[in-house]
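# Secondary and tertiary structure notes
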Amino acid sequence: MSTRRTFFRQLGAAAATPLVLPDFLTESTRTAFQRLQKPGSPQQIAQDEDYWSWIKAEYTVSPNILNLNNGGVSPQPKTVQDAHIRFYQYCNEAPSYYMWRILDQGRESLRAKLADLAGCSPDELAINRNATEGLNTIIFGLTLKPGDEVVLAKQDYPNMMNAWKQREKRDGIKLVWLDLKLPSENDEDLVRQYAGAITSKTKVVHVTHVVNWTGQIMPVRKIADLAHKQGIEVICDGAHSFAHLDYKIPELGCDYYATSLHKWLSAPFGSGMMYIQKEKIKNVWALLSSPEPDGPDIRKFESLGTRSFAAEMAIGTAVDFQLGIGAARKFARLHYLKNYWAEKVKDISGVKLFTSLKPEFAGALAVVGISGMAGPELEKQLLETYKIHTVPIILGPVDGVRVTPHVYTSPKDLDRLVVAITELAGKQNLATKQKKS
């Protein structure tokens, strides 16, 4: 009998083709298939709750704790969990045989599947454990000499900033720091900030595609084009953008890129990938031991020793799930969900938004604060009083909590957040008035 999970696998194959229903589908699944394949723009489908209720049912998330920190790590749909468990049990029948001789042989087909999703050659993708591992491989693998300059921002991810600081301390390179003015709805202004930091000694520009602190979408392609005109290479941190925004990696124009697949792709925990333009692979030394550490084969970066083969192989099921939804529909839904709650609270007295509501400048991630209440206190109140899980954000003028819904989040879930913010802001406003009087 066909199940909902079978339905999503079929949907992935049919997403880009005219609707042809397999004969073996049950009548109920056939009806659901037709309903979810009905015509409509991504923006129209983004508000079709019948469509998204089927997707929500594929997740096993708690009905009591409202998880709005999907940007940290996302839960996996049941199809991915099942695949992971199945591969894990398979490995345990005879680990060294099934892991090395059977599952390990699936890496090349998985690489091709990820490359197709990313829009690049399989020979440009390495499969690893997360964005930190991929970006550290690039940062420590590039040949730089004392005095070479790297442009980066104080709004980049801490692990990446620390990696560059280590290279500065160890190798004597110079880090040129930008303090980006965020949120921004002006790409040209952001590009000018990078342009102003570039000198004749600049060798690398490091840019974060979606800034984890605020949700800002950075104009990576425009920054990359600027840098390349001056012979400068570009590293892109795609941890929060892959399977979130609708794009292919080569469209960014970057030379190097890495992402975590356990965020927006909903792949198993501890899964990621790294992209390097084919002609640049030889320029990056392998971080771990490799027979040819300065060779041109992307696979030199996969000498990790024993890894979780089960988690790695289950990535393919997460790709199927992503294809079933479609990148354009998914981004439209995520942006719709962000704006759904943000529009309702933005004009409440004392509430501050630190994220744009326009789709070209932000997707699912948004940061909200309440005047007089620090981010950690707001996070605490949301969790203890309303059982809403967020993450506190404090960086410069940004002081609040980051809210990141996912495809399984419903507007009704977000109504709960709106009520919480409204009540907390009202209490804070009252306390402020009483204090003044």
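For the structure itself, consult the block above.
Residues numbered from 1 in each chain as written. Predicted model: local features only at pLDDT ≥ 70, side-chain atom pairs only at ≥ 80, totals over all residues. Heavy atoms only, no water.

### Some words on the overall build of the protein
Rule in force here: Numbered from the N terminus, helices here are DSSP runs of H or I no shorter than four residues, and strands are runs of E no shorter than two. Each residue gets one of three labels from its accessible area relative to the maximum for its type: buried under 20%, exposed over 50%, partly exposed in between, using a 1.4 Å probe on protein chains only. It only takes one pair of heavy atoms within 4.5 Å for two residues to be counted as in contact. What sets the accessible areas is the Shrake-Rupley method with a 1.4 Å probe; for residues, cover comes only from the shown protein chains. For the charge count, each Lys or Arg is scored as positive and each Asp or Glu as negative, with His and the chain ends excluded. Charge positions come from single atoms, namely NZ of Lys, CZ of Arg, CG of Asp or CD of Glu.
Helix and strand counts for the protein come out as 15 helices and 13 strands. Counting only residues that meet the buried cut, the protein has 57% of its 437 residues in that class. Here the analysis covers contacts within the protein between residues at least 6 apart in sequence; of these, 70% occur between residues at least 24 apart. When the accessible surface of the protein is summed, it comes to about 18600 Å², and 53% of that surface belongs to carbon and sulfur atoms. If you average the places of the 53 positive and of the 47 negative side-chain charges in the protein, the two averages end up 4 Å apart.

### Structural notes on unusual backbone geometry
Residue Pro-183 is bonded to the preceding Leu-182 through a cis peptide linkage, with omega at 0 degrees. At Ser-266, a position not held by glycine, the phi torsion is positive, near 60 degrees. When you line up the elements, Ser-266 lands in the loop between strand S7 (256–260) and strand S8 (272–276). The exposure class assigned to Ser-266 is buried, which follows from its relative accessible area of 1%. A positive phi angle is found at Lys-387, which is not glycine, with a value near 55 degrees. Turning to its location among the elements, Lys-387 is positioned in the loop between helix H14 (375–386) and strand S11 (388–389).

### Some words on the pairing of S7
For clarity, the cut-off: In this description, strands pair whenever DSSP reports at least two bridges between them.
Here S7 lies mainly inside the structure; 5 of its 5 residues are buried. Burial of S7 is two-sided: the residues Tyr-256, Ala-258 and Ser-260 facing one way and the residues Tyr-257 and Thr-259 facing the other way are all buried. The sheet contact formed by strand S6 (residues 233–237) and S7 spans 3 bridges and is parallel. Paired with Asp-237 across the strands is Ala-258, a residue of S7. Where S7 lies against S8, 5 bridges are found, and the strand directions are antiparallel. Within S8, the residue paired with Tyr-256 across the bridge is Ile-276.

### A look at the side chain of Glu-133
In this fold, Glu-133 is placed in helix H8 (residues 131–141). Here Glu-133 falls in the buried class, since its relative accessible area comes to 14%. The contacts of Glu-133, once residues within four sequence positions are left out, are Asn-128 and Leu-304.

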